[in-house]
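Structure assessment
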Amino acid sequence: MLDSNKDSLKLEAMKRIVAMIARGKNTSDLFPAVVKNVACKNIEVKKLVYVYLVRYAEEQQDLALLSISTFQRGLKDPNQLIRASALRVLSSIRVTIIVPIMMLAIKEAASDMSPYVRKTAAHAIPKLYSLDPEQKDQLIEVIEKLLADKTTLVAGSVVMAFEEVCPERIDLIHKNYRKLCNLLIDVEEWGQVVIINMLTRYARTQFLNPNMNESLLEEGSDKTFYGSDEDEEEEEEEEEEKDKKAEAPAMAKRKPYVMDPDHRLLLRNTKPLLQSRNAAVVMAVAQLYFHLAPKAEVGVIAKALVRLLRSHSEVQYVVLQNVATMSIKRRGMFEPYLKSFYIRSTDPTQIKVLKLEVLTNLANETNISTILREFQTYIKSMDKDFVAATIQAIGRCATNIGEVRDTCLNGLVQLLSNRDELVVAESVVVIKKLLQMQPEKHSDIIKHMAKLTDNIQVPMARASILWLIGEYCEHVPKIAPDVLRKMAKSFTNEEDIVKLQIINLAAKLYLTNSKQTKLLTQYVLNLAKYDQNYDIRDRARFIRQLIVPTEKSGALSKYAKKLFLALKPAPVLESPFKDRDHFQLGSLSHLLNAKAGGYQELPDWPEAAPDPSVRNVEVKDSVPEWTKCSSREKRKEKKVEKPFYSDSEGESGPTESADSESDSASSSESGSGIEESGSGSESEESEEGSESEEEEEEEKEKDKKKKKKELKKPVQESESEQSSEEERKHERKSKQRKSESESESDEEEESESESSQSESEDSESEAEVKKKKKAAESKPSSKPVKKDNKKEKKEMSLLDLDDFEPAPSPQATPVNAFLSNSLATDLEGLSLSDAVLSPATISPSSALKSYEMLHRITGEGLSVEYCFSRQPFSPDANMVAVQMQFTNNATSDTKNLHMEDVKLQSGMRVKEFPEIELLPAGEMVTAVMGIDFCDSTQAANFQLCTHTRKFFVSIQPPVGELMRPIFLTENEFKKEQEKLLLGQLMGMNEITEKLTLDVKCRNEHSIVQRVTTAANLSRVPCGSDKECSPPVPPPDHPVHRFAGRTVTSSSLVLVTVATKEEGAAKLTINCEKMVIGTMLVKDILLALTQ
C-alpha cells in the first residue's frame, strides 16, 4: 500500500501504522518504506509520515539521514504544520554531524511568521542543547529573541527552553517580566505551570521579603489592599504600576517596607489562576503565594487547595503533602476548612495518614476536643497502619497542647485493654513518650504497664515498657526486680531491641537495688556475653566493666550512676514535614524529601532590593487612563474626609445637621457620578443626580422652616412634633435609598451607611435642643416634665426597635451638661427602671469581678473597665454580654467613642456597642457589647477609638464566663453524667481531682458561693444526703452539684464537689469540651483552696 501510486491507499496505510504506534506496537521494520513517502505531495500523508519519523528517527538514524535534504525542503513548505513537523523530525535525529543544520533551522524557525513554528523552534532548543552543550551561546541568543515574542502560544515553550538551557541568566527575564505576568492568564496550562515556577525563582532574587517586618506591614497593609481589590480590571494594570512607582519613593521614607509594584503585579495576575481546572496550575499558584506573598494574603490559596481534595487520589496525595508542609508554618490558613481533612473510610491508607498529619498540625486549644473525638472513631478502623498513625497523632496533640495531656493519657491507658495487640503496642510507645514529661504523677500507669509484659509480644512495645521501668525504677521499687526476673527467663528468645533494654534494666536495678538484683544482673550479663549478636555482646562487656568495679576497670566506673540514671529530656514529637519547606513546594524534591535531578534551589531573599528600573520598558502614554487614576485618588481623599465632617456636625445645632445631611447625600452622588463616568453612562447618571439633589434641597428648606416653628411651640406639643418629624425622616431615607439604588456604583453601600449615620446624628442633636428648651421652661415645676420624659423615653425606644439595636444608654448621659441636677437624677432613675425597654443598661452586681481594659494613663485620661454581666445578651443568645464602664478622667470632653479593626480567631463574632457621641470631662458611662468566644478563652482584640486617638485593647474571658446556668434535678444530673461517661474513650469526658478545702470554705454556703463565682453555673437542688450519695450515710459530708451549658455550642458542663472528713474533698467535672473541662478544674481548685 505504501508503494502504491494512489494517495488514498498511502493515507490508509499511514493511518493504520500510526494506530499501531498508538497501541504500543513496534513498527520500526516499516521505516524504509515510510521514509520514501516524505516527498509525497499529499499534505495529509506528509503529516502522518512526519508523525512516524518523529517516533523512530532516533532509532533509525542512518536511514533518516538519507532523507535529510527532504526535511530541509520541508522547512520551506508553505504549510505551517509541515514546517513545524520537519523541524521536529530534524531535531529528533540525534547525530552530532547535523548540529549546524539544526542550528540554522532553529534560527530560521525562530523568525517564522507562524507562532506554531516559533513554538516548535523553542521545543527544539533543549534537544539541541542536550546533543551539543557547546552551542549554548548561540541558543541563548535565540531564546532572548523568542522571549520578546508577544504571542501566548510561544511564551510557555520558550520559558521551558530558558529553564533547561540557561536558568541562571535572570537578566534575560528583566525586560519581559511584566509581559509574562500579563500574558500568564492566556497561556496554555502547562506553559502556565512552567512560567509560574520560573517567576517564583525570579521574584525571590529581585524583590524584598514582604514578611521581614510583619508588625509594620500590618499597619501599612491598607495601601497594598487597594491595589489588590480595585485593580482586577486588566486595562488599568499598566497605569496602576506607574502610579505606584511614583508613590514608592515617598512611601519608602515613611515605612521600612513597601511592596514593589512588580511584585504586586505578579501576585495580582496569578490569583485568578487559583480557579483553573488544572490541578498543576492551582498547585503552582499556591506555592508562589506561599513563597512570595505577605502573610495576610496567603490565606486565599487555602480554599483552592481544599477544592483539589475532591479530585483523584493521586492529586490528593500531592496536594496533602504540600498542605502538611504549609500547615506547620501557616496553621490559621486551613483552620476554617478543618472538616475537609476528616478521613473517609474509602480513602487509601497513604491519604489517611497525610490527612491525620494535617489534622494534628491544625490542632489547637479551640478545636482539640473536636479533633480528639474524630481520632476516637479512627481507632476503631480495620486498617492497622492507620490506627497506629492515629495513636501517634494523639500523642503529638498531647505534647503540643498541655491542657489535654492528662485527658489523652487517660484515653491511651484505656486502649491498653484493647484486644488488638498492634493498638496496645502503639499505645505503649506513645504513653512512654508522654510519661517522660511528668513521671512522678503517673506511677500507677507505670505499674499497669509492667503487668502487660506477659501479654504484649511486639518488640518495640516490650522494649518501651522495660525502658520505662528501668528509668523510673524508684517509683516502682517492688515491681521492677520482678519484671527483671521474668525477663531473664525469656532472655534467649527475645528480639535484639528487647535484649538491649533487659541489659539496661539489669544495670539500672544493680545500681539502685543491688541486694535484690545482684545475682539476676550477673545471670543476664552472662547470657548476653555469648549472644549471637555482636551489639549485645559488646553492650554486656561494657556494662559489666562499668557497674562491677574491678582492679582493671578505669575511672569511668565511679560515674556509673550518673551515666545510667541521668535525667533524660522528654522527646519532642515533631511533624515529619517540619524540615521539608526548604524544598520548593509542588516540586518532586519536596514530594520525595530528597533532591531530585534537575532541581533548582529556591534562592534566599536579597538583603537590599535590586534596581527595579531594569524591568522598565518604553510604553506610550495613555492620557485617559491617567485622568481616571487621578479621579480615583480624589475619591479616596473624599472617603478620608467624610468622618471629619460628621465629627463636627455631631455637636452642632439642628440647622447645621440638616445641611450635613444634604452634604453627605450630594457627596455620595458625586462619588457615584465619577464611578459611572468611568464606565460610560454619564448622561443618565447626571440627570438622576440633579433630580435627587433638587428633591433634597426642597425638603431641606421645608425642614428649616418647620424647625424654626418648633422652637417657638410650647412643651406639650413637642412630643407629637417629634414623632411626625421621625416619620418624615423615614420617608426621606427611603427616597434617598431609591435614588441611590439606581446608580450601580461601588460606593453604593458606603454612601447609604454614611447618610443614614448623619441622619441619626441629626435626630440626636434635635432631641438635645428640645431638652435644653424644656430645662429652661421647667425650673418652676418639675413634676409634669417627669411625666413627659417618661412618655418620650418610651416613644424613642419603640422607634429604636425598628433597627433591632440595643438602645444606647450613652445618649442619656451627656444631657447632664444641660439639665438641672434634680431632673438629671430623675432621668437616670427612669432609664434604670425601664430595663425592659433598654436592654443595654444592665445594672452591675457587686459580686461581678471587673477587669481593666484601658488604664487612665495609657488612655490619656480615658479609663475603661469591663465585667461579664452574666445576663443573656438579647440580640444574640450565643454571645456573652460584656458590660463596659467608660470614665473620662481628663479635663476635656471625649467624643465619638467606638470600635474599629476587630481581630478575632476563626469562628468568633462580635456585636459592637453603639457609638458614644460625647463623654464630658469627669463623667462616667456604661455600654454593653456581645462577643461569641466560640467556647474558647482566646482574646477578642480591637481598637477603641476616640475622635483623636486609637488604643489597642483586648477582652479575654475566664473559662467560667463561657457558660450559662441551667436547671437540672438531681436525677437528671446523674443521667446526664452517665451519658457523658459512656463515650467511646471513657476517660476523655471526666476529670477528677482531690483537694483540701480552705479553712474558711468548709461550710455549704461558702462552697456554693465560691464555685458559682468562679463559673457561671447553677446549683442542682438536693434532697436529704442519703438520696444524694447513698454510700455516705452521715449528713456531715454533703455532695454539691452544679450544672451549666457552654454559651456557643450548648455542651453540658457538670461539676460535683464531694466533701469528706477534715476538709478533704473530691472535685469531678464532666464536659464534652475537654479543654474547657481542664481549665475549669484549675479555676475551681484555686477558688476552693485559697
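Residues numbered from 1 in each chain as written. Predicted model: local features only at pLDDT ≥ 70, side-chain atom pairs only at ≥ 80, totals over all residues. Heavy atoms only, no water.

Across its full length, the protein chain holds 46 helices and 15 strands. Taken over 1090 residues, the protein chain has a buried fraction of 50%. By sequence separation, contacts in the protein chain at least 24 residues apart represent 68% of the contacts at least 6 residues apart. A total accessible area of about 53800 Å² is found for the protein chain, and carbon and sulfur atoms account for 52% of it. (Helix = DSSP H or I, 4+ residues; strand = E, 2+ residues; numbered from the N terminus. Buried < 20%, exposed > 50% of the residue type's maximum accessible area, 1.4 Å probe, protein only. Contact = heavy atoms within 4.5 Å. Areas by Shrake-Rupley, 256 points an atom, 1.4 Å probe, with all protein chains shown as cover.)

Here we come to the sheet that holds strand E8 (residues 940-945). A sheet is described by the order of its strands in space; here four strands give the open sequence E6-E4-E8-E9, paired in antiparallel fashion. Either end of the sheet is taken by a strand with one partner, and the two such strands are strand E6 (916-919) and strand E9 (950-955). Across the sheet, the mean angle separating the axes of adjacent strands is 35 degrees when strand polarity is ignored. (Pairing = 2+ DSSP bridges. Axes fitted to C-alpha atoms, helices over the stretch in contact; angles between N-to-C directions.)

What follows concerns the environment of Glu141. Relative to the helices and strands, Glu141 is located in helix H9 (residues 136-147). Considering only alpha carbons, one finds Glu141 and Lys107, 34 residues apart in sequence, at a separation of 9.3 Å.

Helix-helix packing is characterised by the crossing angle of the two axes and by the distance between the axes. Look at helix H23 (residues 349-362) against helix H25 (residues 384-400): their axes get within 10 Å of each other, and the N-to-C directions meet at 10 degrees. The angle between H23 and H25 falls in the class roughly parallel. From H23, Thr349, Lys352, Val353, Leu356, Glu357, Thr360 and Asn361 reach across to H25, where they touch Asp385, Phe386, Ala389, Thr390, Ala393, Arg396 and Cys397. For the contact of H23 with H25, the per-class residue count stands at six nonpolar, four polar and four charged. (Parallel < 35°, antiparallel > 145°, perpendicular 65-115°, else oblique. Nonpolar A, V, L, I, M, F, W, Y, C, P; charged D, E, K, R; others polar.)

Where helix H8 (residues 115-131) contacts helix H10 (residues 152-165), the axes come no closer than 9 Å and their chain directions differ by 10 degrees. Viewed along their axes, H8 and H10 adopt a mutual orientation that is roughly parallel. Where H8 abuts H10, its residues Pro115, Tyr116, Arg118, Lys119, Ala122, His123, Ile125, Pro126 and Tyr129 lie against Leu153, Val154, Ser157, Val158, Ala161, Glu164 and Val165.

Moving on, we get to the sheet that holds strand E5 (residues 909-911). Ordered in space as E1-E2-E3-E7-E5, the five strands form an open sheet in which the pairing is antiparallel. At either margin of the open sheet sits one strand with a lone partner, and together these are strand E1 (850-854) and E5. For this sheet, the mean inter-axis angle between neighbouring strands, taken without regard to orientation, is 30 degrees. Summarising the sheet, E5 and strand E7 (residues 924-932) pair through three bridges and their orientation is antiparallel. In the strand pairing of E7, Val910 is matched with Ile931.

For helix H13 (residues 189-206), with 18 residues, the first-to-last C-alpha span of 25 Å sits near the 26 Å given by 1.5 Å per residue. Most of H13 is tucked away: 14 of the 18 residues are buried. (Expected span 1.5 Å × (residues − 1).)

Another aspect to go through is the pattern of salt bridges. Counted according to the given criterion, the structure contains 33 salt bridges. Among the salt bridges present, the one from Glu44 reaches Lys47, with a minimum N-O distance of 3.7 Å. Of the two residues, Glu44 and Lys47 both sit in helix H3 (residues 43-56), three residues apart, roughly one turn of that helix. Using a relative accessible area of 43% as the deciding quantity, one classes Glu44 as partly exposed. The exposure class of Lys47 is partly exposed, given its relative accessible area of 26%. (Salt bridge = Lys/Arg side-chain N within 4 Å of Asp/Glu carboxyl O.)

This part is about the packing of aromatic side chains. For the structure on display, the rule yields eleven aromatic pairs. When the ring of Tyr177 is compared with that of Tyr202, the centres are 5.1 Å apart and the planes differ by 25 degrees; the resulting orientation is stacked. Here Tyr177 is found in helix H12 (residues 177-183), whereas its partner Tyr202 is found in helix H13, with 25 residues between them in sequence. The burial state of Tyr177 is the same as that of Tyr202; both residues are buried. Seen from their ring centres, Tyr851 and Phe868 are 5.9 Å apart, and the 70 degrees between their planes marks the pair as edge-to-face. You can see Tyr851 sitting in strand E1 and its partner Phe868 sitting in strand E2 (residues 862-872), a full 17 residues away along the chain. With a relative accessible area of 2%, Phe868 lands in the buried category. Grouped by ring-pair contacts, the aromatic residues Tyr177, Tyr202 and Phe207 constitute a single cluster. Its guanidinium or amino end placed over the ring of Phe290, Arg330 lies 5.1 Å from that ring's centre, counting from NZ or CZ. The cationic tip of Lys432 hangs over the ring face of Trp467; the distance from NZ or CZ to the ring centre is 4.9 Å. (Phe/Tyr/Trp six-rings, centres within 6.5 Å; stacked < 30°, edge-to-face > 60°. Lys NZ or Arg CZ within 6 Å of the ring centre and 35° of its normal.)

Next up on the list: the state of the cysteines. Applying the stated criterion across every chain, the model contains zero disulfides. For the unlinked cysteine Cys408, the closest cysteine sulfur is that of Cys397, found at 6.5 Å. The buried category is assigned to Cys408, whose relative accessible area is 0%. (Disulfide = S-S within 2.5 Å.)

Here we take up the side chain of Ser1018. Relative to the elements of secondary structure, Ser1018 occurs in strand E12 (residues 1018-1019). Given a relative accessible area of 17%, Ser1018 falls into the buried group. Polar contacts involving the side chain of Ser1018 include one to the main-chain carbonyl oxygen of Ile966, which spans 2.5 Å. (Polar contact = N/O pair within 3.5 Å; in protein donor to acceptor, adjacent residues only side chain to side chain.)

Moving on: the confidence of the model for the protein chain. Averaged over all residues, the pLDDT of the protein chain equals 74, while 72% of them reach at least 70. Within the model, pLDDT remains below 50 along residues 621-696, and this stretch shows 84 contacts once partners closer than five positions in the same chain are excluded. Considering only residues more than four positions removed or in separate chains, one finds that residues 705-727, a stretch of pLDDT under 50, has 29 contacts. (pLDDT = per-residue confidence, 0-100.)

What follows is about the pairing of strand E15 (residues 1064-1071). Among the eight residues of E15, six are classified as buried, and the element is accordingly described as predominantly covered. In this sheet, E15 lies alongside strand E11 (residues 990-996) in antiparallel orientation, the contact comprising seven bridges. Paired with Thr992 across the strands is Thr1068, a residue of E15. In the sheet, strand E14 (residues 1052-1059) pairs with E15 via seven bridges, with the strands oriented antiparallel. Along E15, the bridge assignment pairs Thr1059 with Ala1065. Between the end of E14 and the start of E15, which pair antiparallel, lie four residues, with Glu1062 showing a positive phi angle near 50 degrees.

Our focus in this paragraph is the side chain of Glu961. Structurally, Glu961 can be placed in the loop between E9 and strand E10 (963-965). At 3.1 Å, the side chain of Glu961 forms a polar contact with the side chain of Arg870.

Let us now look at helix H6 (residues 80-92). With 13 residues, H6 should reach 18 Å at 1.5 Å per residue; the first-to-last C-alpha distance of 18 Å fits that figure. Within H6, burial applies to Ile82, Arg83, Ala84, Ser85, Ala86, Leu87, Val89, Leu90, Ser91 and Ser92. At its buried positions, H6 is contacted by H3, helix H5 (68-74), helix H7 (99-110) and H8. The distance from a side-chain oxygen at the start of H6 to the backbone nitrogen of Leu81 is 2.8 Å, and the residue carrying that oxygen is Asn79.

Bringing a nonpolar patch on the surface into the picture now. Taken together, Leu556, Tyr559 and Leu563 make up a surface patch of nonpolar side chains, about 310 Å² in accessible area. Tracing the backbone shows Leu556 in the loop between helix H33 (534-547) and helix H34 (560-564). (Patch = residues over 30% accessible without salt bridge, like charges linked within 9 Å, V, L, I, M, F, W, Y side chains within 5 Å.)

For the rest of this paragraph, the subject is the environment of Ala1058. One can find Ala1058 in strand E14. Between the C-alpha atom of Ala1058 and that of Pro1038, which follows or precedes it by 20 residues, the distance is 6.5 Å.

Below, the discussion takes up the environment of Asp260. You can see Asp260 is positioned in the loop between helix H16 (237-254) and helix H17 (261-270). Exposure remark for Asp260: the relative accessible area of 17% places this residue in the buried category. Taking the C-alpha atoms as reference, Asp260 lies 6.9 Å from Phe207; in sequence the two are 53 residues apart. Side-chain polar atoms of Asp260 contact the backbone nitrogen of Asp262, separated by 2.7 Å.

This part is about unusual backbone geometry. Glycine aside, residues mostly have negative phi, and peptide bonds are mostly found in the trans state. One non-glycine residue, Arg870, lies in the positive phi region at around 60 degrees. For Arg870, the position within the fold is in strand E2. Here Arg870 falls in the partly exposed class, since its relative accessible area comes to 27%.

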